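The primary structure of each chain is shown beneath.
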Amino acid sequence: MNIILLGKPGVGKGTIAKLLQKDYGFVQLSAGDLIRTEIKSKSAIGKKIEPIVASGKLIADEITLLLVKKALTKLKKKNIIFDGYPREIKQAKMLENFAKVDLVINLEAQDKKIINRLSGRRICPKCGAIYHIKNQPPKKEGICDKDKTKLIHRNDDKPSVIKERLKVHKTQTKPLINYYLKKSQLKKVDANDNPKNILKRVLQLLK
Ligand code: AP5
Ligand code: MG
C-alpha cells in the first residue's frame, strides 16, 4: 500500500511518517530529506539546489523526480509513505507513471500551531530524527536520543522563510487537494492534536 502525506510545512508529515515506519510496516520516502542529503553531499546538484531550498521555494521537478525515482528503486516493493512528494499537480502526474497511489492523507492544523511547531523544531543531521523544544524534547537538551549527535535548527525554519514556504504551499501544493478529491483518493485528518492521536486517526483510515 502506498500513501501520500500532504499538508502545510510543519504540520507533522515527517513525525507521522516516522511513527508509521516504526511500528506499522511502512517506509518513509521524504523528498525534503532526500534533498537535504543531496545538499550535504556537496554534489553539483546539491550546490545548485541549496539556495533555492534556503529561500523556501520549490526546486525543479526534474531534480526531485530523479531523487525520488532513485530512492524508490532501492526500496523495491515496500509499502511507501510519500512525504513531501508530490507538491504540484505536475509532480502528481509524473508519480502516476511509476508508482501506484492507494490513499492521500491531508493533515490539517491551524497556522498558529504550524508556526509554533516549525520555530521550535530541531532535527538530527545524522539520522533525521525530529524533535521540538517543547512538544517533543530530546532526553538531553540539544542532543539526539538515538545517536547523541548535536541537534540543529533547519535553516529554512527562519520566520521569513517559513512565510515563503507557507505561500508556496498555498499557490503550488494546495491545488493537489482538489486534484485528489476528484479522484476520490483524498482523506482529511485533523492534525491539531498530539502525534499519538493523529496517528490513531490515520490508522483508522488505513483499516
Ligand atoms: P520538506 O522538508 O518536505 O519541508 P516541508 O514540507 O516544509 O515540511 P516540514 O518537513 O517542514 O514539516 P513536516 O510536516 O514534516 O513537520 P515535522 O514532522 O517535521 O521540504 C523542504 C524543502 O525542500 C522545500 O521547501 C523545497 O524547497 C524542497 N522540496 C521538498 N519537496 C519538494 C518537491 N516535491 N518539489 C520541489 N521541492 C521540494 O514537524 C514539525 C515540528 O512540529 C517538529 O518539531 C515536531 O516535533 C513538531 N510536531 C509534529 N507534529 C506535532 C504535533 N501533532 N503536536 C505538536 N508538535 C508536533
Ligand atoms: Mg518533513
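Preceding this paragraph is the structure being described.
Attention here is on the structure that accompanies the text.

The rules behind these values
Residues numbered from 1 in each chain as written. Chains lettered and ligands numbered in written order. Predicted model: local features only at pLDDT ≥ 70, side-chain atom pairs only at ≥ 80, totals over all residues. Heavy atoms only, no water. Buried < 20%, exposed > 50% of the residue type's maximum accessible area, 1.4 Å probe, protein only. Helix = DSSP H or I, 4+ residues; strand = E, 2+ residues; numbered from the N terminus. Pairing = 2+ DSSP bridges. Near = heavy atom within 4 Å. Polar contact = N/O pair within 3.5 Å; in protein donor to acceptor, adjacent residues only side chain to side chain. Areas by Shrake-Rupley, 256 points an atom, 1.4 Å probe, with all protein chains shown as cover. Nonpolar A, V, L, I, M, F, W, Y, C, P; charged D, E, K, R; others polar. Arc of directions from axis to C-beta. Contact = heavy atoms within 4.5 Å.

1. Topic: the pairing of strand S1 (residues 3-7)
(1) Moving on: Counted residue by residue, S1 has 5 buried out of 5 residues, so it is predominantly covered.
(2) Moving on: Every second residue of S1 is oriented toward a common face, with Ile-3, Leu-5 and Gly-7 on one face and Ile-4 and Leu-6 on the other, all of them buried.
(3) Moving on: Examined bridge by bridge, S1 and strand S3 (residues 79-83) share 3 bridges and lie parallel to one another. Bridge pairing in S3 links Leu-5 to Asp-83.
(4) Moving on: Pairing of S1 with strand S4 (residues 103-108), which is carried by 5 bridges, proceeds in the parallel orientation. Paired with Ile-4 across the strands is Val-104, a residue of S4.

2. A few points about the site of ligand 1
(1) Moving on: Near ligand 1 there are 36 residues, and of these Thr-15, Lys-57, Arg-87, Gln-136 and Arg-165 occur at the shortest range.
(2) Moving on: A distance of 2.4 Å separates an oxygen atom of ligand 1 from a polar side-chain atom of Arg-87.
(3) Moving on: Starting from 1000 Å² of accessible surface for ligand 1 in isolation, the protein chains cover 97%.
(4) Moving on: Of all the secondary-structure elements, those providing two or more residues to the shell around ligand 1 are helix H1 (13-23), helix H2 (31-40), helix H6 (111-119), strand S6 (130-132) and helix H9 (195-206).
(5) Moving on: Of the residues forming the shell around ligand 1, the biggest block, 4 residues, is contributed by H2.
(6) Moving on: Counted by class, the shell around ligand 1 contains 13 nonpolar, 12 polar and 11 charged residues.

3. Observations regarding H6
(1) Moving on: Taken together, the buried positions of H6 are Ile-114, Arg-117 and Leu-118. The arc that holds the buried residues of H6, viewed along the axis, is 95°, so those residues lie on one side.
(2) Moving on: Where H6 is buried, its residues touch strand S5 (121-123), S6 and helix H7 (159-173).

In short, the description is geometric, and any link to function would need to be established separately.
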